[in-house]
Every structure is written in structure tokens, then in C-alpha cells.
Amino acid sequence: MTNSHITITVDDSTHSDATEHRRTPPPPSASVNLDYADDDDEDDDVADPNDPFDIQHTKHAPIETLRRWRQAALVLNASRRFRYTLDLKKEEERQQKKSLIRAHAQVIRAALLFRLAGERELVVTAPTPAHPVGDFGIGLEQLTSVSKEQNTSALEEYGGVKGLSNLIRSNLDKGISGDDADLLRRKNAYGTNTYPRKKGRSFWMFLWEAWQDLTLIILIIAAAVSLVLGIKTEGLSEGWYDGGSIAFAVLLVIVVTAVSDYRQSLQFKNLNAEKQNIQLEVIRGGRTVKLSIFDIVVGDVVPLKIGDQVPADGVLITGHSLAVDESSMTGESKIVHKDHKTPFLMSGCKVADGVGVMLVTGVGINTEWGLLMASISEDNGEETPLQVRLNGVATFIGVVGLSVAVLVLAVLLGRYFSGHSTDDEGKVEFIAGKTKASTAVDSVIKIFTIAVTIVVVAVPEGLPLAVTLTLAYSMRKMMKDKALVRRLSACETMGSATTICSDKTGTLTLNQMTVVEAYVGRNKLNPPNDSSKLNPEVLSLINEGIALNTTGNVFVPKLGMNFGLLRSNTTVLNVFPFNSEKKRGGVAVKLEGSGVHIHWKGAAEILLGACTQYFDSDGHLQSIEGEKVAFKEAIDNMAACSLRCVAIAYRSYELDKVPSNEDDLAQWSLPENDLVLLAIVGIKDPCRPGVKEAVKLCTEAGVKVRMVTGDNLQTARAIALECGILTSNEDAVEPVVIEGKKFRALSEKEREQIAKKITVMGRSSPNDKLLLVQALRKGGEVVAVTGDGTNDAPALHEADIGLSMGIQGTEVAKESSDIIILDDNFASVVKVVRWGRSVYANIQKFIQFQLTVNVAALVINVVAAISSGDVPLNAVQLLWVNLIMDTLGALALATEPPTDSLMRRAPVGRREPLITNVMWRNLVVQAIYQVTVLLVLNFAGDSFLPKQETKSLENQTKNTLIFNAFVLCQGVTNNRLFMGIVGVTFILQIIIIEFLGKFTKTVKLDWKLWIASIVIAVMSWPLAVAGKLIPVPKTPLTRCLAKPLRRWRRSRAQSQLNTPSTNFSR
């Protein structure tokens, strides 16, 4: 066997965004070429597989990727740092519990089926008769067992659905009365539609978590030892100050941190309650009312349609083509058809197709879904790409800070034990053989405390939490802007959105349909509701088609229709619910005699193609072939006026051709050929006020708005022009305006090339929307998509940000989305973009503020420690700075509302560095100024500061001035809350300096030194303005620094790949 080179070829310059998080090493047999492009800029859009913190998209990231970045993070307090990220261990336990409960449900059903099979073979005793309980004819246990066990024989014994409704005092047509006394009786007898939830963590739990920080624990231990030694050497009255002050400062940090975290958790709790509060329609007292899912009671009659969530356990009353997705309960992705043979509906399942009405028989904890929800804790954890990247930044800063702390510790210990450290009077602190052991231990503890405190300041534990803080704030505020955030990362990703693919109806328009044009045969009705000139037979068929081919219950008569009378005189045989794929819906009805009519309504040009005849003005049937051109022209004219064109058609059918068997009837496809055209109507759905301005704002912000609609191309074009999505008729040419079927017919590569040019897509199906989203994402776009139907779920899931509609949206669409637009308004979508950009801007402000403090504090202490063996900022002072920086600063800067200027910038690129060149410039200018001024004070302060009585007092005065000036230098912005915190800090600083000197090792300053401190701080303001005049290069500094590292990694990978493989042949 001969050795051979394995040549491996990997094209790393581009790859699908959708699969970036699933990158796997190539198989041994693959051919990889590591000829990377000379221009490294292409690689800036590609995730670095060697960087665990480089996750562009956490929406579908695998568990291993999430585990990898956690293991790579330098963390001092894991319980706090990872609190709002997904708890991977609990998630695994959650999935196991789910599968156990699902298995339990399946075992019960299997046992039931086995028993029923035996009952068919053997004659067994009948089910237990219903026992009355209180006002009702059946008790809780008996009713629950019928639903849970799906016991059809028991249901039949009780008289079917009708008999069961009588037992629970309900009416299948009118529902329950719904008065307060009736509701109270039902809740007492059968329970409420809620389930026990695990209590949220108390404030004491947050206090305990804040305490878990390793550095704070070390400081507490150091404080305890210092306290014991201090009291031993100096007595109780003076000796407790050193240890006591550190302990008090640590406790203050812990309490403030816990309060901040507790408030944040309450915000999340309220938002989660809002997410779970599904609104649905229920029939009570013969009227349709809208109420919360938590208010459903046993006996309620609930209409169901495609996309709805089954709100409780129940039995089907009536249904047409009703199919339910039971995967949420069984774990199997299987659609189950419901009819009189399988009438039981399980809470938590989704309606996949058809329509129906159910009777509620089990609620809350008495359902399998209630048990499932009660047994698993709701995990709100979820990482966002920014959170992960900030953990990377925090880890890098932490490593630097830890290295600096170790260096300072080594230098200070070395100087101390070598006899190079002197006290305030200039005496050598340690003399071998002479210095007492207790004194040496006390000095070592002080040195160790300083080093640990540097770590506290240097490791920014609050940095990743600042993302959660700003997201929680944004989520609360976005609720007021009619946007409910379901997924944290979407709020952040929206700031990077480069395109919004929007629906038309209800989002760009008001969804207030008014018929403004109508054609019956070749005659145009003027006005459209004038039925006086219509043939009575034709009018009767139009009335029949409108009244019977709808799920609507309320109608204001305009053409003399009476919905109730028309429905009572016919029997519905089968229904084909309106389908967004086929763009039409139909119904087959049996008339009072033996005749059958099949009515269709839908997209005008599609139904027109299925018609062979039409009625003339005298009510005579005419062939449509010679008139199709004229009808199409009428449709185009209406569409050009931005009208939605709907055709109404019918055909008669022989009753003996209709399947008589119920199973066959359920599977029967309604005939849709040889139709007779009854009418074509043009429906006006006006644009929403403010939509044109919102679209213009998006365009100025670099976000392209695309309209994806099921309407025909002419209507779509007209609405797009009205909304400002298209600027002129000259733009409205293919491929800018394209039909869904044409886009669908292209190859994958052609779709990618053409997707960016598309502005309007008409006659699109949900699958076309999905293909467009995939093509845009592969082209590097960050895509936001709006959707309201069940079939929109794949596109909402695939998009970077899925936006479902709160009013028109189905529960399936809402569950697949990341954000719910509560008012269905496009202007609210634009507000979400503003908030997304605000999140990023606020985080950058906080990073700049924190890094300035970090750099200045570290440099001052390191330089002073190495040169003089002492540090001007002691442990308590650094803890005070850390408190301002980590908690109060984060609170202020993370809660700044968005400004109009944010929408005048380009979208934030996903690969955009967190620390921009402008931030580096501002940071470096401020840090250099602070470090320079404070080091001058440290080394030359004795020469110009007022002389004091002792050398020790002079040193303390100098160090106090340094501490005071350093704190006052920290930040001035136009953020009112931040300025308020700066004001409070200033007052507290006065109290610390003037009254708490023994704790902080400071002395009182006279008014001249206070003015000097303020002048030093104020001088940084004009310096910040002047710093903005310094030009910065366009190429990010971090990218320039990363390129050599990237090249080194590549050359290392190349050398490993070129190494000959070892021959293991025997």
C-alpha cells in the first residue's frame, strides 16, 4: 500500500448564511483548496469556525454551538452571566419530560384501543352511567376520562355530542349563557383553563446569585481576615475599618446588582404572561364574543379555523375537512382528520386545515396539555448574537485584566519581600527576621485584595447582561408601539435588517373591504349595490353563493340577502376552505328539492379560466369563450385602480353523483370545471394612513421594502405605487414586478440573481414567499418577513426576523414568528427597526463607557504599582467605580430611547465590529487624557499640591484627589437618566470624601482641590468635542488586527493538510 497525499478543497469565500452554524469539517476523501482570495474583505462576511463567539444567527443554532461558546467564556459568576441564556441542562430535562408525558398519553390510547378491540369481540358491560354533580348531569372525573381516553363508546352512551352538551348544560348552537353566576358554577365544578405555574424567583434568590461571583467571595474572605488581624493589632475601635470597609463595599455591590436583576426579571415575567394570553372567539348566548384562552370554561362552544390553537379538550360538533396537527402532544408530525368517528380534540394542538366547531369538555390541569405545561418550567433563556459576541469581548478584556492583576500581584509581592516597599513615612515595610508575621500577613492580604479588585474592575460581568437589560427595556417599550417580542434576538437582529418583505392586505392596507365596482354578466352595476336591474334567478344564485360560501356570521343586507333564511333552506354537503395556494374556496349544498349547487369564489382571473358560461342580462346562459377578452379587460381595469378582483361562480350537480358514504364524502373533491360565471366584483382596500411615510423612512434608512401579495399583478402594482414602494410606472417592469409562478419556475441560481431586483411579487403562494426569503438570505440580505396565515409559517421560520400579525394572524403563524405586530400596521414594523438599531447603539455607548474606565483604572494602577510599589486607587475605591460602571452605567445607557438620527444611518452589518473606529478614537482620547492627568498627579503631585503636616497625609491627599478626579471624569451624555446618575454619584462622592474617609482611605479636600477635581473632569468635555474632528479610516481597526491572525490560522491549516498521512498497513 502506497502513501498518497490527500488533497482537500474548501471554498471558504462564500457560503450559505442558513448553514453557517452547521459547518462541519470535510470528509477525509474531500478535495480542499485553501487558495483564499487575496482580498480578505470577502471573509469578513463569513463566520470564523475557530472563534466560538462568532455566531451570526442564534435562531436555529445547534446545542453544541451554544455549549461551545459557554465553555470558551471567562466567567466569574456563571449563574448571573448565563441567567438569560438558554439553560442547556434544563432544556434537555424539559424535552425528556415532554417525551415522557407524550408517551404516557400514547400508552393510555393504545390501551383504550386494545380494550375497544376486545369489546367488539366480547359482550361487556356498558360504560358507567353519568352521575349528576351539583347543577350538572356529569361529574368532573367522568367527563375528563371521556376526553383523555377518547372513549367513543362512553360518548355514545351519553347520547353523543348532543347528549353530552345537555349533561353539562350547554347548547350546541348558542353555547352557554356566560353570565357571572353560570361561569362561577362551571369553574367550581370543572376547573379553570389555567395550570399551576412555578413561582418566579424571589429577591433573595437574586441576592444569592449576585453573591456567587468568585472575585467577590475572595474579597469577602480577604476582608474577614483583614478584619481579624486589624482588630488584633489596632483594637476594635480602629482595627475594623480596613476589613469592614471592603466588606461593606462588596455587600453594596451585591445588593445593587440583585435589585437591578430582580427588576429585570419582573419585566420578562410580565412579557411572558402577555405572550401566553391568546385571544379567541367563543359562542356565548348565541353571540360570538372574543375572550382570553384563560377564560374558557367547560360547555363553551368554540369555532375553529385553519391556524387556530385548540384551546381546551373537547368534542367536535360539526366540521368540514377539519384536520389537526397533534405533534405538540404526540411528538409525531402527523395530521389527523377529525369527524364523527374521531371527534375528540386535544388542547394545545393546531388546526392544519378546514373549519369546525367544538364543545369544550376539559380545561386546564384536567387536560394532557395542562399536565404537560404544569410539569415543565418555562425557560425564557435565549442567546442573541450580540450577547454571544459581548461574552467574547468580556472574555478578552477579562483575560487582559487577569494578566494585569497577576502582574501587579507579582510586582507588589516582589517589591514587598525584597524590601523595596516603603510606608507613607518612607520606612521599609518588610525586613526579614524583624517584621512580625501578623504584620506581613496583613500586608500580603492588602496586596492580594488590590490584585483581586483589579480583576473585579477588569472582568466586565455586566457587559453581556447589558444586552439583556436593553432588550428587556426595549421589549417593554415596544409593547406600547404595538409590537410583542417573542424572541429576544429578533429585537436586536431587526437593527441589521436590510429588507422587509411585507404582505399587502391589512399590513399596508386597512383591511376594510368595500365593493366599489361590480359586473354581472356583461353589465356593470352602477352603483354596485343596485340589484333592481338584475334577473331574479341570477340575483338568487348570487345571494346563495355569497351567503353559503362564507364563514361570516354577521351581515348587513344590501342586496336583500338574509343569511339565516338561505342557510336554513339548504344542507351543506362539503366545504373546500379558501386556500392561499389555489386562491379560491368552494361549498357544495343540497337544496330543498333534490338539486345540488356547487359555489366557488376566488381570484377573478383564475376562476374565469374555469368558467365555460355566463348569464346575460335576461338570465340566459351564454358561452363565455367569445367574451373572455372583455372580462379580462374589465378585471385589468379594476386592478389598475388598485381594486382586488373577486369572481363568484357556480355549477349545478346531480345528487346521485355525490358520495353517499360519509367517509367518501369527506374525501370528495368539489368539481371546479364547467362553471357558470355569476359576477365579478372590484373591492377597494385603502392604504393605511402613514404607510407612504413609513416606506420612505425605511428607504432613507437603507431598508428596502418588498411587497409580496396573493393579489394579481395589476392590483399589486397599483397599491405599490400608492404606498411609495414603487416610485413610478417606468419602474414597474419585470423583474422588479414579477408573478409568483414565474419566480417559482426559475432555477435556484436564477432566483438568487433575480431576488434582489424584485420589489413587488403578485399572485404569490406562501411557498413563493419562502423561496424569495431563501434567495435573499443567500445573497447576504438580513430579511424581515410579515405573515398572517398558517402557510406563512415556513417563511416566518426561515427569515432572520419573522413578523406575524396580531389581529389577522393565526396562532400557527404567531408561534413561528419572532415578533407579533399587534395592530397589523406596517408603521409598527418600522418602529421595530428603530428599536433594533437603538439596542445596538445603546450597547456600543455602554462598551465605550466601560472600556474607558477599564483602560484608565488598569493603566494607572499598573504603572503606579510597578514604579512605586503602591497603587493610588485602593480596593474600596475600585469597588465604588465598579458599582457606577457595571450596574448604574448599564442601567442608564441601556435604557436610552431611539432617536430619529438612527433611521438616517445604514443598517448595522452582521459582521460589523462592536467597537468601531469612531469608538476607538473616542475611547483612546479620553483614556489618554485621564491616564496622563492622573499619572502626573501621582508622580508630580507633591510638587504643586499644598504641603501637609506629614508625608502620610500628603500621600493620602494626593491619592484622594486622583480618586475624586477619576470618578468625576466618568461620562457626560445627553441621556437624562445617565446625567441623573452622574448627579447622584457626585453627591455620594462628596459624602464619601468628606465623611467616610476612614472607610475609603481618603481625606477631606479643601475647596481648591474640589475645584481642581471638577476642572480636570470638565476639561474632558471640550476634549471629547475636539476628538471628533480626528478622522478615522473606513476599514475597522479590529479587522486590520484580525487579518494577520487569520492568515496565520490559514497557513497553519495549510501545513497540517499538506502533511503526508501515516501508513498503518500491516
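Residues numbered from 1 in each chain as written. Predicted model: local features only at pLDDT ≥ 70, side-chain atom pairs only at ≥ 80, totals over all residues. Heavy atoms only, no water.

Structural notes on the overall build of the protein
Secondary structure assignment for the protein yields 37 helices and 24 strands. Burial statistics for the protein: of 1066 residues in total, 52% are counted as buried. If you take every contact in the protein between residues at least 6 apart in sequence, the share linking residues at least 24 apart comes to 72%. Of the accessible surface of the protein, which amounts to about 48600 Å², a share of 57% is contributed by carbon and sulfur atoms. (Helix = DSSP H or I, 4+ residues; strand = E, 2+ residues; numbered from the N terminus. Buried < 20%, exposed > 50% of the residue type's maximum accessible area, 1.4 Å probe, protein only. Contact = heavy atoms within 4.5 Å. Areas by Shrake-Rupley, 256 points an atom, 1.4 Å probe, with all protein chains shown as cover.)

Considering the UniProt feature "transmembrane region" (unreviewed entry) in the protein
Taking the numbering used here, the UniProt-annotated feature "transmembrane region" (unreviewed entry) corresponds to residues 206-231, 243-262, 393-417, 447-473, 977-997 and 1009-1030. Helix makes up 92% of residues 206-231 and strand makes up 0%, while its end C-alpha atoms are separated by 32 Å. Between the end C-alpha atoms of residues 393-417 the distance is 36 Å, and the span holds 100% helix and 0% strand. (UniProt positions renumbered as here; feature names shortened; annotations may be inferred.)

Structural notes on the sheet that holds strand E24 (residues 819-821)
Taken together, eight strands build an open sheet; the order of strands is E8-E24-E23-E22-E9-E19-E21-E20 and the sheet is mixed. Among the strands making up the open sheet, the edge pair consists of strand E8 (483-485) and strand E20 (737-739). Sheet twist, expressed as the average angle between the axes of neighbouring strands with direction ignored, equals 20°. (Pairing = 2+ DSSP bridges. Axes fitted to C-alpha atoms, helices over the stretch in contact; angles between N-to-C directions.)

Quick notes on the packing of aromatic side chains
Evaluated as defined, the whole model comprises 13 aromatic pairs. Ring geometry for Phe-136 against Tyr-190: centres 5.2 Å apart, planes inclined by 55°, an arrangement best described as tilted. Here Phe-136, found in the loop between helix H3 (88-121) and helix H4 (140-148), pairs with Tyr-190, found in helix H7 (residues 180-190); they are 54 residues apart in sequence, far enough to count as distant. Take Phe-136 and Tyr-190: they sit in the same class, and that class is buried. Both rings, one in Tyr-416 and one in Phe-430, keep their centres 5.3 Å apart while their planes meet at 45°; by these two values the pair is tilted. Of the two residues, Tyr-416 sits in helix H14 (residues 385-417) while Phe-430 sits in the loop between H14 and helix H15 (437-458), which places them 14 residues apart along the sequence. Judged by relative accessible area, which is 15%, Phe-430 ranks as buried. (Phe/Tyr/Trp six-rings, centres within 6.5 Å; stacked < 30°, edge-to-face > 60°.)

Some points on the pattern of salt bridges
Counting across every chain of the model gives 29 salt bridges. When the shortest N-O distance is used, the salt bridge between Asp-768 and Arg-744 registers 2.7 Å. Placement of the pair is Asp-768 in helix H27 (residues 766-778) and Arg-744 in helix H25 (residues 740-745), with a sequence separation of 24 residues. Classification of Asp-768 by relative accessible area gives buried; the value is 0%. Under the relative-accessibility criterion, Arg-744 is labelled partly exposed at 39%. (Salt bridge = Lys/Arg side-chain N within 4 Å of Asp/Glu carboxyl O.)

Some words on helix H26 (residues 748-755)
What H26 keeps buried is the set Arg-751, Ile-754 and Ala-755. Taken down its axis, H26 places every buried residue within 100° of arc, on the same side. Facing away from the buried side of H26, by more than 90 degrees, are the exposed residues Lys-749 and Gln-753. For H26, the secondary structure elements touched by its buried residues are strand E19 (704-708), E20, H25 and H27. (Arc of directions from axis to C-beta.)

What about a nonpolar patch on the surface?
A cluster of nonpolar residues, Trp-208, Trp-211, Ile-217, Ile-221, Val-225, Leu-251 and Val-441, forms a patch on the protein surface that exposes about 610 Å² of accessible area. Elements supplying a minimum of two residues to the nonpolar patch: helix H8 (203-211) and helix H9 (214-234). Along the chain, Trp-211 turns up in helix H8. According to the relative accessible area criterion, Trp-211 is partly exposed, its value standing at 32%. (Patch = residues over 30% accessible without salt bridge, like charges linked within 9 Å, V, L, I, M, F, W, Y side chains within 5 Å.)

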